[in-house]
Amino acid sequence: MRSRSGASMAVVSMLCVQLGLAVSVGLIDDLGPEGAAWLRLAWAGVIMLAVVRPRRADFPAGSLLACVLLGVVTAGVTMLFMAAVDRLPLGTASALEFLGPLGVAVARGHGGRRIWPALAAVGVLLLTQPWTGAADPVGVAYALGAAVCWAAYILLTQRVGDEVTGLKGLAISMPVAGLVATLVAGPSTFGRLTPELLLIGVGLAILLPVVPFALELLALRRLTTSAFGTLMSLEPAFALVIGFLALSQAPGWLAVAGVGFVVVAGVGAERTGARDPEELEPHGVLQVT
């Protein structure tokens, strides 16, 4: 049951991400990719602080530092991926970024579980087909940086979810992410802000990243990092389906085959990815508030 509920949370999170990216097109046009990412992160930090209201007593020894580090890598994966997309085809950037969660899945998997990341890796390559375009070396470096940050995000999110009850960990990590993003992109974005864009940013922050990041934290209380990293490889398949339904982008046979690979990998990860009861810390599954 923990595996099934964790997988469901991860799937809903990915759907929120795709919807958030779809509705943020206009915001990216107005503020640029880095500005749009900054506005989402900044508002997300404000929302989490206002709703959760964390206190120092809520955090066991060492967990506060983990929350701060989670905020730094959250900003890193968001900003670096946006910079990569600005220089690379989206498929190439996505394939390189997925090396992060797939690396976690391979490193943390054991026994027969290692087959699921391998299948997912093949599926991601077939979906994104990075070999079809020339790669900008700076863009590749940004995408690989995002992959490293995403791997760290998965590991830190699971630790924070285990050590801190409810969503209090996000009430620290999201404001930290907003501050980091402000230092990077805020100064170049302030002059382009309007009241309308600020209002749009509030709604978009709830859809991406507040809801998906909260769901991912809860999912990682129930799944191994190997299973979670593999499930994240379903995201290109969601993007393919949404592109077909909403934008009439008919996929080729390689992309369809890629969907098959990642779906099989996702099902396998969901069936074998529940965390053992002894893995769970005192602030784990039973104390979600």
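Since the structure is predicted, the reported quantities are computational estimates derived from the model, not experimental observations.

## Quick word on the overall build of the chain
Piece 1. Counting its regular elements, the chain contains twelve helices and zero strands.
Piece 2. Listing each helix as α and each strand as β along the chain from the N terminus yields α-α-α-α-α-α-α-α-α-α-α-α.
Piece 3. Accessible area of the chain: about 12700 Å², with a carbon and sulfur share of 70%.

## Let's talk about a nonpolar patch on the surface
Piece 1. The grouping of Leu65, Val68, Leu69 and Val72 at the surface amounts to a nonpolar patch, some 310 Å² of accessible area in total.
Piece 2. Within the secondary structure, Val68 sits in helix α3 (residues 63–85).

## With respect to the side chain of Thr78
Piece 1. If you trace the backbone, Thr78 turns up in helix α3.
Piece 2. For Thr78, a relative accessible area of 12% gives the class buried.
Piece 3. Separated by 2.9 Å, the side chain of Thr78 and the backbone oxygen of Thr74 make a polar contact.
Piece 4. Thr78 has contacts with Ala37, Arg40 and Leu41, leaving out every residue within four places of it along the chain.

## Re the packing of aromatic side chains
Piece 1. Summed over the entire model, instances satisfying the criterion amount to three aromatic pairs.
Piece 2. Residues Trp38 and Phe190 carry aromatic rings whose centres are separated by 5.4 Å and whose planes lie at 75 degrees to one another, so their mutual orientation is edge-to-face. One end of the pair, Trp38, is in helix α2 (residues 25–52); the other, Phe190, is in the loop between α8 (170–189) and α9 (195–219), and 152 residues separate them in sequence.
Piece 3. On the basis of relative accessibility, which here comes to 6%, the residue Trp38 falls in the buried class.
Piece 4. The exposure class of Phe190 is partly exposed, given its relative accessible area of 45%.
Piece 5. Ring plane angle 50 degrees and centroid distance 5.2 Å describe the contact between Phe98 and Trp150, whose orientation is recorded as tilted. Taken together, the positions of Phe98 in the loop between α4 (90–97) and α5 (99–108) and Trp150 in helix α7 (residues 137–163) put the pair 52 residues apart, joining distant regions of the chain.
Piece 6. For Phe98, a relative accessible area of 4% gives the class buried.

## Brief notes about the packing of α3 against α8
Piece 1. Direction vectors running N to C along α3 and α8 enclose 45 degrees, while the axes themselves pass 7 Å from each other. By the criterion of interaxial angle, the relationship of α3 to α8 is oblique. Where α3 crosses over α8, the handedness of that crossing is right-handed. Of the residues in α8, those touching α3 at Leu64, Cys67, Val68, Leu70, Gly71, Val72, Thr74, Ala75 and Met79 are Ile172, Ser173, Met174, Val176, Ala177, Val180, Ala181, Val184 and Ala185.
Piece 2. Grouping the amino acids of the contact of α3 with α8 by side-chain chemistry returns 15 nonpolar, three polar and no charged.

## Describing the pattern of salt bridges
Piece 1. Considering all chains together, one arrives at two salt bridges under this definition.
Piece 2. A salt bridge links Arg55 to Asp58; its shortest N-O distance comes to 3.6 Å.
Piece 3. Linking Arg159 and Glu163 is a salt bridge whose minimum nitrogen-to-oxygen distance equals 3.2 Å. Here Arg159 pairs with Glu163, and both are found in helix α7, just four residues apart, close to one helical turn.

## Observations concerning helix α6 (residues 115–128)
Note: α-helices contain 3.6 residues per turn, so residues at a spacing of three or four share the same orientation.
Piece 1. The terminal C-alpha atoms of α6, which comprises 14 residues, lie 20 Å apart, in line with the 20 Å expected from a rise of 1.5 Å per residue.
Piece 2. Burial in α6 covers these residues: Pro117, Ala120, Gly123, Val124, Leu126, Leu127 and Thr128.

## Some details on the environment of Leu27
Piece 1. If you trace the backbone, Leu27 turns up in helix α2.
Piece 2. Not counting chain neighbours up to four residues away, the residues in contact with Leu27 comprise Gly32, Ala36, Leu39, Leu197 and Leu204.

## Some remarks on the confidence of the model for the chain
Piece 1. Mean pLDDT for the chain: 83, with 87% of residues reaching 70 or above.
Piece 2. Confidence scores differ between elements of the chain, with helix α11 (residues 235–247) showing the lowest mean pLDDT of 72 and α8 the highest of 94.
Piece 3. In the predicted structure, residues 281–289 sits below a pLDDT of 50 and forms 25 contacts with residues beyond four places in sequence or in another chain.

## Considerations on α8
Piece 1. Over its 20 residues, α8 runs only 25 Å from end to end, short of the ideal 28 Å by more than 12%, given 1.5 Å per residue.
Piece 2. The largest bend along α8 measures about 55 degrees and falls at Leu183, with the proline Pro187 one to four residues further on.

## Overview of unusual backbone geometry
Piece 1. A cis amide bond links Leu208 with the next residue in sequence, Pro209, at an omega value of 25 degrees.
Piece 2. When you line up the elements, Pro209 lands in helix α9.
Piece 3. Of note, Arg53 is a non-glycine position whose phi angle comes to about 50 degrees, a positive value.
Piece 4. If you trace the backbone, Arg53 turns up in the loop between α2 and α3.
Piece 5. In this structure Arg53 comes out as exposed when scored by relative accessible area, which is 65%.

About the criteria used
- Residues numbered from 1 in each chain as written.
- Predicted model: local features only at pLDDT ≥ 70, side-chain atom pairs only at ≥ 80, totals over all residues.
- Heavy atoms only, no water.
- Helix = DSSP H or I, 4+ residues; strand = E, 2+ residues; numbered from the N terminus.
- Areas by Shrake-Rupley, 256 points an atom, 1.4 Å probe, with all protein chains shown as cover.
- Patch = residues over 30% accessible without salt bridge, like charges linked within 9 Å, V, L, I, M, F, W, Y side chains within 5 Å.
- Salt bridge = Lys/Arg side-chain N within 4 Å of Asp/Glu carboxyl O.
- Buried < 20%, exposed > 50% of the residue type's maximum accessible area, 1.4 Å probe, protein only.
- Polar contact = N/O pair within 3.5 Å; in protein donor to acceptor, adjacent residues only side chain to side chain.
- Contact = heavy atoms within 4.5 Å.
- Phe/Tyr/Trp six-rings, centres within 6.5 Å; stacked < 30°, edge-to-face > 60°.
- Axes fitted to C-alpha atoms, helices over the stretch in contact; angles between N-to-C directions.
- Parallel < 35°, antiparallel > 145°, perpendicular 65-115°, else oblique.
- Left-handed = near helix turned anticlockwise from the far one by under 90°.
- Nonpolar A, V, L, I, M, F, W, Y, C, P; charged D, E, K, R; others polar.
- Expected span 1.5 Å × (residues − 1).
- pLDDT = per-residue confidence, 0-100.
- Bend = angle between axes of the 7 residues up to and from the residue.

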